[in-house]
Amino acid sequence: MIRRRVVVHGHVQGVFFRDSAQRLARRSDIRGWIENRGDGSVEAVFEGEADAVERLADFCRRGPRGAEVESVDVSEEDPEGLSGFTVR
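Definitions and cut-offs
Residues numbered from 1 in each chain as written. Predicted model: local features only at pLDDT ≥ 70, side-chain atom pairs only at ≥ 80, totals over all residues. Heavy atoms only, no water. Phe/Tyr/Trp six-rings, centres within 6.5 Å; stacked < 30°, edge-to-face > 60°. Helix = DSSP H or I, 4+ residues; strand = E, 2+ residues; numbered from the N terminus. Buried < 20%, exposed > 50% of the residue type's maximum accessible area, 1.4 Å probe, protein only. Lys NZ or Arg CZ within 6 Å of the ring centre and 35° of its normal. Contact = heavy atoms within 4.5 Å. Core = buried A, V, L, I, M, F, W, Y, C linked by side-chain atoms within 4.5 Å.

Caption draft 1: Summary view of the packing of aromatic side chains. A full pass over the atoms with the stated rule returns two aromatic pairs. Both rings, one in Phe-17 and one in Phe-59, keep their centres 5.6 Å apart while their planes meet at 50°; by these two values the pair is tilted. Here the residue Phe-17 occupies a position in helix 1 (residues 17-27), and Phe-59 occupies one in helix 2 (residues 50-62), the gap between them amounting to 42 residues. Residue class for Phe-59 comes out buried when judged on its relative accessible area of 9%. Aromatic pair Phe-46 and Phe-85: ring centres 6.1 Å apart, planes at 20°, arrangement stacked. Of this pair, Phe-46 sits in strand 3 (residues 42-48) while Phe-85 sits in strand 5 (residues 85-87); the two residues are 39 residues apart in sequence, bridging distant segments of the chain. For the pair Phe-46 and Phe-85, one class covers both residues: buried. Its end group placed over the ring of Trp-33, Arg-88 keeps NZ or CZ at 4.0 Å from the ring centre.

The structure is reproduced here in structure tokens:
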């Protein structure tokens, strides 16, 4: 079990970024959350098996169709044992 905090910068709001990430997270048994930030970026926390978390982080580097990802900050954190995945 690993945990990553991901902040995605660029044109990433209003392009179904959060919804797309949520669907992928639920299919991959990832727990955590994703939200729009006031500065126009998207922030997420992913907890789960290492391969699945890394796949979701890779998705964030590309984003869904319509997104223009400029940069992604990924940081490691200690897992907290979250349950479910929510869009905030």
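Caption draft 2: Examining the side chain of Gln-22 more closely. Relative to the helices and strands, Gln-22 resides in helix 1. With sequence-adjacent residues up to four places away left out, Gln-22 is seen in contact with Phe-85, Thr-86 and Val-87.

Caption draft 3: Region of the structure containing the nonpolar core. If you look at the biggest cluster of nonpolar residues, it comprises 20 residues, and the most contacted ones within it are Phe-17, Ile-30, Ile-34, Phe-46 and Cys-60. Secondary structure elements with two or more residues in this core: strand 1 (2-11), helix 1, strand 3 and helix 2. If one sorts the elements of this core by residue count, helix 2 sits on top with five residues. Those residues in contact with Phe-46 that lie beyond four places of it in its chain are Ile-2, Arg-3, Arg-4, Val-6, Ile-30, Arg-31, Val-53, Leu-56, Ala-57, Cys-60 and Phe-85.

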